[in-house]
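# Understanding the architecture of this molecule
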Amino acid sequence: MTNKPLKSLLSICSAVAVGAAALWAVPGTTQTAQQRSISLRDTFPVGSNGLCEAQIQAPEAGAGLFDRKYNVLCRDAAASIGTLWVVRGRLADEAATRFIGPGANCVEREAAEMPTGLTDGKRLICSREGSIIRTELLVGEVGNRTYAATGLSAYGTALELGVASLATDQIVPGTVDIPLTQTTDSLAFIRQQAESITADQALVEAYRRANAGEFAEAAEFFSASAEVLSGNGEAEARLNEGLLQSNLGNFAEAKRRFDQTRPIATTSPVLARLLRNYEAIDALNQGEPGRAIEILNRPLETEFSDTNALRSLQIGPAMARRLAAESESVGGATLSQSLTPLERAQLLDGQADYLRATGLRLVGNNAAATNNLNRANTTLAEVRDGRIASIVWLRAQVLGELAELAEASGRGGDAELLHQQGISLLSFAYPDSPALYSAQAQLAGFYSRNGRESEAIDLYREIVSEAEGRPAPSLRSYMSNYFGLLLADGASASAADDMFSASQLLLRPGLAQTQAVLARELSGGSDEASLLFRRSVNLGRSIQRLRASIVEIEGEAQVNPQAAGVLAERETRLESLLEQQAEVLQKLAEYPRFRAVSSGAINLAGMQEILRDDEAYVKMIALDEEAFMIYITPAEALAYRIDATPAELDDIVLRLRESIAIAEGGQVLTLPFELETSRDLYKRLFSPVADRLPSKKHIVFEPDGAMLKLPINLLVTDDESVERYNEQLAGPEGDEFDFRGVAWLGRNSQISTAVAPTAFRDVRAAPSSTASKAYLGLGENTPISDTPTVSTGTRSALAGGDNCLWSEAIWSNPISSEELYDAANRFGGEDAARADVLTKDVFTDTRIKSREDLADYRILHFATHGLVTAPQPECPPRPALLTSFGDDNSDGLLTFAEIFGLRIDADLVILSACDTAGSATVGATLEAGITSGGDFALDGLVRAFVGAGGRTVLASHWPVPDDFDATKRLISGLFEGNGTETAEALRRSQLGLMDDLETSHPFYWSAFAVVGDGSVQVTR
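Residues numbered from 1 in each chain as written. Predicted model: local features only at pLDDT ≥ 70, side-chain atom pairs only at ≥ 80, totals over all residues. Heavy atoms only, no water.

## A short note on helix α11 (residues 269–285)
The end-to-end C-alpha distance of α11, which contains 17 residues, comes to 24 Å, matching closely the 24 Å that a straight helix rising 1.5 Å per residue would cover. Buried residues dominate α11, accounting for 17 of its 17 residues. Count one or two residues on from α11 and you reach Gly287, which has phi positive near 75 degrees. (Helix = DSSP H or I, 4+ residues; strand = E, 2+ residues; numbered from the N terminus. Expected span 1.5 Å × (residues − 1). Buried < 20%, exposed > 50% of the residue type's maximum accessible area, 1.4 Å probe, protein only.)

## Considerations on the environment of Trp1005
Looking at the element boundaries, Trp1005 is found in helix α40 (residues 1002–1005). C-alpha separation for the pair Trp1005 and Met994, spaced eleven residues apart in sequence, amounts to 6.7 Å. One polar contact links the side chain of Trp1005 to the main-chain carbonyl oxygen of Ser1000, over a distance of 3.0 Å. (Polar contact = N/O pair within 3.5 Å; in protein donor to acceptor, adjacent residues only side chain to side chain.)

## Considering the packing of aromatic side chains
Applying the stated criterion to the full structure yields 21 aromatic pairs. When the centroid spacing of 6.4 Å and the interplanar angle of 50 degrees are considered together, the rings of Phe739 and Trp744 count as tilted. Across the pair, Trp744 and Phe739 agree in class, each one buried. Each residue in the set Phe673, Tyr725, Phe739, Trp744 and Trp1005 is aromatic and connected to the rest through ring pairs, giving one cluster. (Phe/Tyr/Trp six-rings, centres within 6.5 Å; stacked < 30°, edge-to-face > 60°.)

## Things to note about the pairing of strand β16 (residues 773–779)
Burial runs high along β16: six of the seven residues are buried. Pairing of β16 with strand β17 (residues 835–839), which is carried by five bridges, proceeds in the parallel orientation. Across the sheet, the residue bridging to Leu776 is Asp836, located in β17. (Pairing = 2+ DSSP bridges.)

## Focus: the sheet that holds strand β20 (residues 880–882)
Spatially, the three strands line up as an open sheet ordered β19-β20-β21, and their pairing is antiparallel. Strand pairing shows two members of the sheet lacking a second neighbour, β19 (866–867) and β21 (893–895), which therefore form its edges. The sheet contact formed by β19 and β20 spans two bridges and is antiparallel. Its bridge partner being in β20, Leu867 is matched across the sheet by Ala880.

## Some points on the nonpolar core
Leu475 and Phe483 are the most contacted members of the largest nonpolar core, which totals 94 residues. For this core, the element with the highest residue contribution is helix α17 (residues 392–408), accounting for ten residues. Residues in contact with Phe483, not counting those within four places in the same chain, are Met499, Ala502, Ser503, Ile621, Leu623 and Phe628. Ranked by size, the runner-up nonpolar core spans 72 residues in total, among them Ala616, Ala627, Ala690 and Leu715. (Core = buried A, V, L, I, M, F, W, Y, C linked by side-chain atoms within 4.5 Å. Contact = heavy atoms within 4.5 Å.)

## Considerations on the sheet that holds strand β6 (residues 122–127)
Reading across from one edge, β1-β2-β3-β4-β8-β7-β6-β5 is the order of the eight strands in this open sheet, with antiparallel pairing throughout. Every other strand in the sheet has two partners, leaving β1 (43–46) and β5 (105–108) as the edge strands with one partner each. Direction aside, the axes of adjacent strands within the sheet are offset by 25 degrees on average. Sheet strands touched by helix α4 (residues 156–168): β1, β2 (52–56), β3 (68–74), β4 (82–88), β6, β7 (135–142) and β8 (145–152). Its angle to β8, the strand with the most contacts, is close to 165 degrees. (Axes fitted to C-alpha atoms, helices over the stretch in contact; angles between N-to-C directions.)

Set out below in structure tokens:
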């Protein structure tokens, strides 16, 4: 039996939600915390379905000793939805003035039903002159005290249950109905929680997404929390940021976060364990199980190295100070039931046993692995009887590991049962999540290894169907097995449909991070697209919760008529929400900014319908150990395994890149191009369709893995080209830089690059620009030496500390603006108002962002340096275009998030810049310690411009050359002739350089890639 890939095991090994523990509802039990007097607590849950809580506020001026005031916070509201009061005295008759304020107009609702404990109370609807907002006021008197609740009528059930709990001095059970709003979003909720309640609760939503396998989104949530938290809360958020970066493959950034939090983590028994476990996961993610075991066996750097010390409350000075600084303001169960330090430590020690077992299994010590797993299972089950929802994913992982060990020992029946138990847990806690899909894929892998191939394929198909195009990056580790089953007999036409659908769930880490950042930008806006986007976020989360509640009650509904009625009502609501979601998504599809952050999927037939007879769509899929290709035309489709592993492709592409250009001593050097290697790569990638591909007029290539860093136009399509080159090289006047006449793939075919099938579909369907002007050129920054007001402290666009600031030197060598003025003259002609150029002091990031006329130009052309790696290995790559420095808010960089916020209406965006489509130049990349910048460039800068309103982007894979006027000739050639398709105009322009001795080397002509739909006309 072959062990499953390491990545598959760790892809959902994320964060133990040490800050909170949502408890399973167990019939017939009552939490001790709920029996505590409300008057003795600073916070209490409102209702019993865990969606709202009341948080005590500072006393008002003039308040009595026993007067209290609470804010009510609910999950889907960024701000407090209401206020609760307990005030000494009988104030019901003056309630409007006391609780709403002077000037309020209130009307009492006749025969209104009152909440528990306020049978003699009244309900009023209040408003103020000139305002459309209506506020509900519930007020009643019990003894010599007045109880009141004010807030939005839409949250009426929360107000009723909250004031009833105060009046009865105990938590009143009931279901809080939360409306779907259009004025809030997940990140705003996180920020509000972080500012308003305990640090534990602020991280709940971030943990939920991490545990569901939504790594990139969770990283953004933790980042948002860390910005407003301090102390242990901030350290916890930063640690989780680091873990998620490791899960996404950004190991240098993960290490930086771990090192950043180490000083504070070592003084806390919880954070010390968190750091230990996360560093072990990071080691496992890097394929180093021995190092992970060493980390887990290392004594903790804290005075609480074991749970016995915590259990006996042996609190030392450091911990005493820490607990004093963070004394719980929560006097019991919060919205998610806060865990004690002991419980948190126990959970993390249980996770450590699980991780140790993982490492032991990977090094072949199955007996010790089994012992650790059994201990982990016991430890996790001990904490609150195993009813903590936030660690269900971990319990499922333990079951999955036990299943692997059972299978290894020949107990197939036990293994299958353990897999199914884990799936059952996740189906209840995280329905329709990447974590669930990964657990199901593990079971499918078990089937395939045990001669049950048809069952495995059926289960894989079920996973893809249930995902409905929603991204599940954690599945990347399992799809090799699925694709292998589909291609058991070699290249297959019948497998293409299944593989095409499944592949669209496998977002690249770079793309996932980019979409998460851009989604964060979109969610913070105030225009219609942002409002609709926030609406879609809330709908999606509400659908997820409702599906979970349906699963929860299905069993009881079979025997309980009352439960059956509730189930039917929930299913009706779900159907309504799904209809609303479809309507909102249809409206959102009209906005390019949403298309840039959405995923979705298109089936094979749908792709074939949008392709023309002379076109082919070629999609590459690079997984952990294998790579695949899907070739699609309107009439046929073929899926096959690429004749090289992803690691081999990396080596081949690196050799080709090094033979194109390498940076040494501040100069870019050109070496003889490896023609034979190019030919070999073409055959490895396209062998089953090698004869058909060059006959296509337009090839749309969706790269993955190593091919994100290399344009396919420089691949050689025949052996004769290599033979002719070698013959002329052996002659008396042989020239190793003479590549004239080579049968490049880009010689006869137009080539476009796609970032995703749906992205190509959307740009093809997008209407043409309605801009009134033809062209805007931007570039040639002002060097820092000519900008006396600039200080090095202003350049902090790429966050990460002083060592993550770019050197002043990168602003010192601006790209010439000659090509911009040449293009402007071509477009402006007699009407100079149709074209414009911005350079030097007017080419600043702040000026560009403040311009309101960018949408007036049909073509935007940037001639400046692009930055896609990071200044140091430990710094996060944040793609950006270099600009001049402007005012005090300027950092001299137009980042991809800032580009996303622009409003443009461009048919074409030209990025005549260093490395805007691929990885950085080889020399610069290796110097930075980063070997894969391509995905951040393609998925960052290009996708940001598409989101801002660009249809098609022309971007460069390496620093564009000035020698022999190569770049000027390429760009000028683009604009010759009206009505020419972009990819065809580029091909014709490249032909002139291909057949010129001085510029026949691919360095001069092949850098540019048309990203989007190259069939769009350049000029019209």
